[in-house]
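Close look at the chain arrangement
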Amino acid sequence: MSCILRNALIPTGTGYETTDVRIEGERIAAIDKGLPATGADSLELEAGNQILLPGFVNAHTHSSELWQRGIIPPYPLELWLAQLHEYAPPDPEKIYLSALATAVETLLSGGTTVVDHLILIPGQELATLEAAVRAYREVGIRAFIGPLLQDQALSTCLPGGSSFAGGAAAYPLSTSEVLALVEEAVEKYHRPEEGITLMVAPTGIQLCSDKLFEGCAELSQKYDLPRHAHLLETRAQQRLAQEKYGCSAVEHLERLGYLDRRTSLAHCVWLTDADIEILARTGSTVVHNPLSNLRLGSGIAPILKYRRAGVNVAFGCDGSASNDSQDLLEAIKIGTILHNITDPDYRHWISPRESVEMASRGGAIGLGLGEKLGSLEVGKQADLVLYDLTQLSLLPRTDPIGLLVLGRPTQVVHSVWVRGKRVVANGEVTTVDVAQLRQELFEHSHWDPFRRSQQAAQLEARYRQVMGLPE
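Since we're looking at a predicted model, the values are computed, not measured. Sequence order as written defines the numbering, with residues in each chain counted from 1. It should be noted that, the model being predicted, local features are given only for residues of pLDDT at least 70 and side-chain atom pairs only at 80 or more, the latter also being counted only at that level, while totals for whole chains, interfaces and linings use all residues. Hydrogens and water are ignored here; the side-chain numbers use all heavy atoms of the structure.

**Topic: helix H2 (residues 92–107)**
Note the threshold: Working definition: helices are DSSP H or I runs of at least four residues, strands are E runs of at least two. Numbering for both runs from the N terminus. What a helix should span is 1.5 Å times the count of its residues minus one. Accessible area is worked out with a 1.4 Å probe on protein chains only. A residue is then buried under 20% of its type maximum, exposed over 50%, and partly exposed in between. N or O atoms within 3.5 Å of each other form a polar contact, as long as, within protein, one can give a hydrogen and the other can take it, and as long as residues adjacent in sequence are counted only when both atoms are side-chain atoms.
Between the first and last C-alpha of H2 there are 23 Å, a value that for 16 residues agrees with the 22 Å anticipated at 1.5 Å per step. For H2, the buried fraction is high: 14 of the 16 residues fall into the buried class. The opening residue of H2, the one whose side-chain oxygen lies 3.1 Å from the backbone nitrogen of glutamate 93, is aspartate 91.

Below, the structure is given as structure tokens:
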């Protein structure tokens, strides 16, 4: 089936133009004024006073964190993680619901692709994956699912040889068992031609052995899988890397063969100039998660330096317990203007058009899809978003992309296509019952504003000592 969007506004090198866009199957078939109809089964949609952009990539999140949205106190990452793990979702049905919600929120804020660094339920790893896959298939979003992998216990995550109280036990799965789990998951769920792609995704150097990183790199080569990981999110991780390796984490991952053009790395807050050069040389992508970096006090990633060095940068929301939302437009806005305070030379600052390109094409490049996604070009996959420029938050008429990025757009997504299928129409998701989803999320949760983690409380004194904070 084909679809023609009539009189859509699209950005050009010199401004904007009004044109028609034809979608056939999964691809953009034509972009021109006055396109002829292709047949009786062709749908025509009037898109006047609406801007059409390539879909954004939510390039790093953890869908299951939805269940702890808004409840974890103002903690740094290491204490925040203790509470997160203590109250992780106990069953696959909650994983399914949170993946549905993550997909819906991403679509309604301009995203057509989600990268889910999926936290696995111990002992129910494949059931966890199946639940997320089922949700993303139902919604129709393009999903990259990276099972969050580790082979070391939480007791290893702080520098100075420190550990969580009672956390000295070994991780329950061996490295070979973790890698075998990934291979089984790839066999069962890796279907990129259907919009579901599996990734290799170690959590990060703080919880993973060299053998796990090397094994993931081998699986990536064997099955042509994208690679993902957290990298140097906090100062503690920077210190831990020096203790473990005697060099930076970036240098070490390059030696292990984990960095290449299929690799995307979340956060990258505490990198040196030498690290930045390595990322540029290997073609690795940095996923900027400005809201969680601020929420957890991790720091401000030097994105302007990355861009000047030629490093590809994408945007992510991060999980709903560290953001605490999946509003991709909000993440793009903060990630665009935050860096105006890090460099006094305003010529280095990120423009709204540049941030839109980072969110779309930058995200696609980080997933190895730069030739297939991320721009309005004939032959590209039709992952497209139509924004209503008559909505109050996008008025008065000035610069459409400036309003979208620098303003506070609400309920402005009119239609979304993923792989040529329209999954949002007139501002409503067409593939799932959002009202029913809201009801189920309400019924499966309860008000609990005073929840506190015993594990975080046990860790706090040691964390403050290691980080040189007063008692």
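**Details of the environment of glycine 34**
The test is simple: Only heavy atoms matter for contacts: two residues are in contact if any of them lie within 4.5 Å across the pair.
Tracing the sequence through the fold places glycine 34 in the loop between strand E3 (27–32) and strand E4 (43–46). In the structure, glycine 34 is positioned 265 residues away from glycine 299 in sequence and 50 Å away in space, judged by C-alpha atoms. Once you skip the residues sitting within four places of it in the chain, glycine 34 turns out to touch Arg6 and Asp20.

**Some words on the pattern of salt bridges**
Just so we agree on the cut-off: Take a side-chain nitrogen of Lys or Arg and a carboxyl oxygen of Asp or Glu: if they are within 4 Å of each other, that pair is a salt bridge.
Tallied over the entire structure, the rule returns 23 salt bridges. The closest approach of N and O atoms between glutamate 194 and arginine 137, which form a salt bridge, is 2.9 Å. In this pair, glutamate 194 is assigned in the loop between helix H4 (175–189) and strand E9 (196–198) and arginine 137 in helix H3 (residues 125–139), connecting sequence segments 57 residues apart. With its nearest N and O atoms 3.0 Å apart, the salt bridge here joins arginine 262 to aspartate 260.

**Considering the packing of aromatic side chains**
Formally: Note on aromatic pairs: the rings of Phe, Tyr and Trp (six-membered ring only in Trp) are paired at centre separations within 6.5 Å, and the planes decide the class, stacked below 30 degrees, edge-to-face beyond 60, tilted for the rest. Cation placement over rings: the criterion is NZ of Lys or CZ of Arg within 6 Å of the ring centroid and within 35° of the ring normal.
Using the criterion set out here, one finds three aromatic pairs in the structure. For the ring pair phenylalanine 442 and tryptophan 447, a centre distance of 6.5 Å and an interplane angle of 85° mean the geometry is edge-to-face. Looking at phenylalanine 442, the relative accessible area reads 55%, which means it is exposed. A relative accessible area of 77% places tryptophan 447 in the exposed class. Sitting over the ring of tryptophan 67, lysine 94 keeps its end group 4.7 Å from the ring centre.

**Considering the packing of H4 against helix H5 (residues 210–223)**
Two numbers describe a pair of packed helices, the interaxial angle and the distance between the axes. Keep this limit in mind: As a rule, the C-alpha atoms of each element are fitted with a line to give its axis, helices using only the stretch in contact, and angles between N-to-C directions run from 0 to 180 degrees. Note on terminology: angles under 35 degrees are roughly parallel, angles over 145 are roughly antiparallel, angles of 65 to 115 are roughly perpendicular, and the others are oblique. Whether a crossing is left-handed or right-handed is set by the direction in which the near helix is turned from the far one by less than a right angle, anticlockwise for left-handed and clockwise for right-handed. In this classification, the charged set is Asp, Glu, Lys and Arg, the nonpolar set is Ala, Val, Leu, Ile, Met, Phe, Trp, Tyr, Cys and Pro, and all remaining amino acids, among them Gly, are polar.
Running from N to C, H4 and H5 point in directions that differ by 25°, and their axes come no closer than 10 Å. By the angle between their axes, H4 is roughly parallel relative to H5. As H4 runs across H5, the sense of the crossing is right-handed. Facing H4, whose interface residues are Thr175, Val178, Leu179, Val182, Glu183 and Val186, H5 presents Lys211, Leu212, Gly215, Cys216, Leu219, Lys222 and Tyr223. Its residues assigned to classes, the contact of H4 with H5 comprises eight nonpolar, two polar and three charged.

**Some words on the pairing of strand E2 (residues 15–24)**
We apply this condition: Following DSSP output, two strands are said to pair if at least two bridges run between them.
In the sheet, strand E1 (residues 2–12) pairs with E2 via nine bridges, with the strands oriented antiparallel. Across the sheet, isoleucine 10 pairs through a bridge with glutamate 17, a residue of E2. Connecting E1 to the antiparallel partner E2 that follows it, the hairpin turn spans two residues. Where E2 lies against E3, five bridges are found, and the strand directions are antiparallel. Following the sheet pairing, aspartate 20 is matched in E3 by aspartate 32. Between E2 and E3, which pair antiparallel one after the other, the connecting turn spans two residues, and glycine 25 there sits at a positive phi close to 60°.

**Focus: the side chain of aspartate 327**
Here aspartate 327 shows up in the loop between strand E13 (312–315) and helix H11 (328–337). Classification of aspartate 327 by relative accessible area gives buried; the value is 18%. Here the side chain of aspartate 327 touches leucine 329 through a polar contact of 3.1 Å, landing on its backbone nitrogen. In contact with aspartate 327, not counting residues within four places along its chain, are Ser109, Cys317 and Arg408.

**Thoughts on the sheet that holds strand E6 (residues 56–61)**
Spatial strand order, E6-E7-E8-E9: four strands in an open sheet with parallel pairing. Of all the strands in the sheet, the pair left with one neighbour each is E6 and E9. Each adjacent strand pair in this sheet contributes to an overall mean axis angle of 15°, direction not counted. Across six bridges, strand E7 (residues 111–118) lies against strand E8 (residues 142–147) in parallel orientation.

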